[in-house]
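Now for the letters of each chain:
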Amino acid sequence: MNLWELFFVFLKIGWLTLGGGYVMVPLFLEEIVKKKGWMDEETFLQTLTLAQLFPGPIAFNLAVAVGYKLKRIKGAIISGIAVVLPSFISILVIAIFFLNFEKSKIVQGLFYGIRPAIASAMVIAVLELIKKRKWSKLNIISFLFMSVLLIFFKVNPIYLILISLGVVILWVYMKH
Amino acid sequence: MGIYEALIKVFFKIGLFGFGGGYAIIALIRYLVVLEEKWLNDLEFIDVVAISQVTPGPIAINAATFIGYKMGGILGSLLATLSSVLAPFILVLFASYFVHKINQEKVKTYLTLLSPLTFSLIVAGTYSILKSSVLDFWGTVIFILSFILGYKYKWSLTKTLLFTGLLGEILYFLIK
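Residues numbered from 1 in each chain as written. Chains lettered and ligands numbered in written order. Predicted model: local features only at pLDDT ≥ 70, side-chain atom pairs only at ≥ 80, totals over all residues.

As named in an unreviewed UniProt entry, chain B is Chromate transporter, taken from Dictyoglomus thermophilum. UniProt annotates chain B under Sequence similarities (unreviewed entry) with the comment "Belongs to the chromate ion transporter (CHR) (TC 2.A.51) family." Of the comments in the UniProt record for chain B, the one headed Subcellular location (unreviewed entry) reads "Cell membrane". (UniProt positions renumbered as here; feature names shortened; annotations may be inferred.)

In the annotation of an unreviewed UniProt entry, chain A is listed under the name Chromate transporter and assigned to Dictyoglomus thermophilum. Its UniProt record gives chain A a comment under Subcellular location (unreviewed entry), which states: "Cell membrane". You can read under Sequence similarities (unreviewed entry) in the UniProt record for chain A the words "Belongs to the chromate ion transporter (CHR) (TC 2.A.51) family."

Next up, the structure:
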């Protein structure tokens, strides 16, 4: 495998990750492990775990981690660029178009219909998460507390993220 | 501070604190971009989220490209996009170099303990989108309709958005 091959595989994955999130993990598995055989599944899962530890979009983190495993720094840079390039180009084209026609009736009408559907998609995501989770009382209380701070007191999310991270990392180290 | 420096600073922060992925990042982006910098209003912000859902790539990167272009043209777009992935890139690279064996149990505890935070971020993001997208009678109708289509009939988001977008065009044409 050379760097060009790496570039094109991640370019392809970048094109196919609509909306982002964990839905694209099977796509990586398919391309990297099954089709190309660049990694065994165990190594892939280890790499995925590492990518999940850090902030940032999972598709990007995973691309960088896989790129590094295969071709060190060069691989990480090439994979990172390749996986972002498709979304960069498509959003740039849309932004140029959208900002020119933002005030037109056609675009206004389209987004008048789309906006409430985005809200409902998020409400559905919340409901699905509630159904899936079995939470302890402590988890529920901390969730409610943080939600109230975010929604009603407009607290900067960065503070909550920093405090949560601190507490969680400390907890993990004391327990293990 | 010039617009380029501001874009770099804000999107670097979004990358650095972007935990949880997907919908969880919306509250953070909105706080920094809508409430603090006022680069977009709430309606424009939902439009960016909507565009992000039907194009390749994660919301954080899509928002960086779009808002970067709006505020600083092509160069702004490029700088914002690169800044949004800089922190994850460095962190993943660093960890790939130093970490060789990952304790899966520790990671599982870490991710489980972080879930109240990510869930509260998702709920806060959902609340803000809901509040500014369901504004009038027809908005409410579209919200309920798309909720039923997505939750009960399991329509994909793309399909729902095509449908409600068309509905929006018709309504806009008739009532505005």
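This part covers the overall build of chain B. When you go through chain B residue by residue, the secondary structure sums to 7 helices and 0 strands. Walking chain B from its N terminus toward its C terminus, one meets helices and strands in the order α-α-α-α-α-α-α. Projected onto its principal axes, the C-alpha positions of chain B cover 60 × 45 × 25 Å. Here chain B holds 176 residues, and 50% of them are scored as buried. When contacts within chain B are restricted to residue pairs at least 6 apart in sequence, those whose partners lie at least 24 apart make up 58%. (Helix = DSSP H or I, 4+ residues; strand = E, 2+ residues; numbered from the N terminus. Buried ≥ 20, exposed ≤ 12 C-beta atoms within 10 Å, placed from the backbone. Contact = placed C-beta atoms within 7 Å.)

This paragraph deals with the overall build of chain A. A tally of helices and strands in chain A yields 7 helices and 0 strands. The secondary structure elements of chain A, listed N-terminal to C-terminal, are α-α-α-α-α-α-α. The globule rule puts the C-alpha radius of gyration for 176 residues at 16 Å, and the 20 Å found for chain A is more than 25% above it. C-alpha extents for chain A along the principal axes are approximately 60 × 55 × 30 Å. The proportion of buried residues among the 176 residues of chain A is 39%. Intrachain contacts of chain A at a sequence separation of at least 6 include 45% that bridge at least 24 residues. (Rg over C-alpha atoms; globule rule 2.2 N^0.38 Å.)

So, about the UniProt feature "transmembrane region" (unreviewed entry) in chain B. Residue and element names in this part refer to chain B. In this numbering, the UniProt entry assigns the feature "transmembrane region" (unreviewed entry) to residues 12-33, 74-98, 110-129 and 135-153. What you have in residues 74-98 is 100% helix and 0% strand, and the ends, taken at the C-alpha atoms, are 36 Å apart. For residues 110-129, helix accounts for 100% and strand for 0%, while the C-alpha atoms at its two ends are 29 Å apart.

Given a rise of 1.5 Å per residue, 12 residues ought to cover 16 Å, and the 16 Å separating the end C-alpha atoms of helix α2 (residues 25-36) of chain B matches this to within 8%. Burial runs high along α2 of chain B: 9 of the 12 residues are buried. Listed as buried for α2 of chain B are Ile25, Ile26, Ala27, Leu28, Ile29, Arg30, Tyr31, Leu32 and Val33 of chain B. The elements touched by buried residues of α2 of chain B are α6 (137-151) and α7 (157-175) of chain A together with α1 (3-16), α3 (42-53), α4 (59-98) and α5 (104-133) of chain B. Lys38 of chain B occupies a position one or two residues after α2 of chain B and carries a positive phi of about 55°. (Expected span 1.5 Å × (residues − 1).)

Okay, the domain arrangement of chain B next. Residues and elements named next belong to chain B. Here chain B is partitioned into domain 1 (1-122) and domain 2 (129-175). One C-alpha centre belongs to domain 1, the other to domain 2, and the line joining them spans 27 Å. Every contact between the two is made by 6 residues of domain 1 and, on the other side, 6 residues of domain 2. (Domains from an automatic or database assignment.)

Right, let's talk about α3 of chain B for a bit. All names here are of chain B. If you check α3, its first and last C-alpha atoms are 17 Å apart, about what 12 residues at 1.5 Å a residue would give, namely 16 Å. Within α3, 9 of the 12 residues are buried, which leaves the element mostly enclosed by the surrounding structure. For α3, the set of buried residues is Phe45, Ile46, Asp47, Val48, Val49, Ala50, Ile51, Ser52 and Gln53.

Of the residues in chain A, 98% reach a pLDDT of 70 or more, and the chain-wide mean stands at 93. The secondary structure element of chain A with the lowest average pLDDT is helix α3 (residues 41-52) of chain A, at 92, and the one with the highest is helix α4 (residues 58-101) of chain A, at 96. (pLDDT = per-residue confidence, 0-100.)

On to the packing of α7 of chain A against α5 of chain B, then. For the pair α7 of chain A and α5 of chain B, the least separation of the axes is 9 Å and the interaxial angle reads 155°. When the interaxial angle is binned, α7 of chain A and α5 of chain B end up roughly antiparallel. The two elements α7 of chain A and α5 of chain B meet at a crossing, and its hand is right-handed. In contact with Pro157, Leu160, Ile161, Ser164, Val168, Trp171, Val172 and Lys175 of chain A of α7 of chain A, α5 of chain B contributes Lys106, Thr109, Tyr110, Leu113, Leu114, Leu117 and Leu121 of chain B. The residue makeup of the contact of α7 of chain A with α5 of chain B, split by class, is 11 nonpolar, 2 polar and 2 charged. (Axes fitted to C-alpha atoms, helices over the stretch in contact; angles between N-to-C directions. Parallel < 35°, antiparallel > 145°, perpendicular 65-115°, else oblique. Left-handed = near helix turned anticlockwise from the far one by under 90°. Nonpolar A, V, L, I, M, F, W, Y, C, P; charged D, E, K, R; others polar.)

When its domains are assigned, chain A resolves into domain 1 (3-101), domain 2 (103-133) and domain 3 (135-175). Using C-alpha coordinates to define each centre, domain 1 of chain A is positioned 26 Å away from domain 2 of chain A.

What follows covers the interface of chain B and chain A. Much of the literature gives interface size as the accessible area that the parts lose upon coming together. Facing 87 residues of chain B, the contacting portion of chain A comprises 77 residues. Taken together, the elements giving at least two residues each to the side of chain B that touches chain A come down to α1, α2, α3, α4, α5, α6 (137-151) and α7 (157-175) of chain B. Here the side of chain B that touches chain A gets 23 residues from one element, more than from any other, and that element is α5 of chain B. When its residues are assigned to classes, the side of chain B that touches chain A shows 56 nonpolar, 25 polar and 6 charged.

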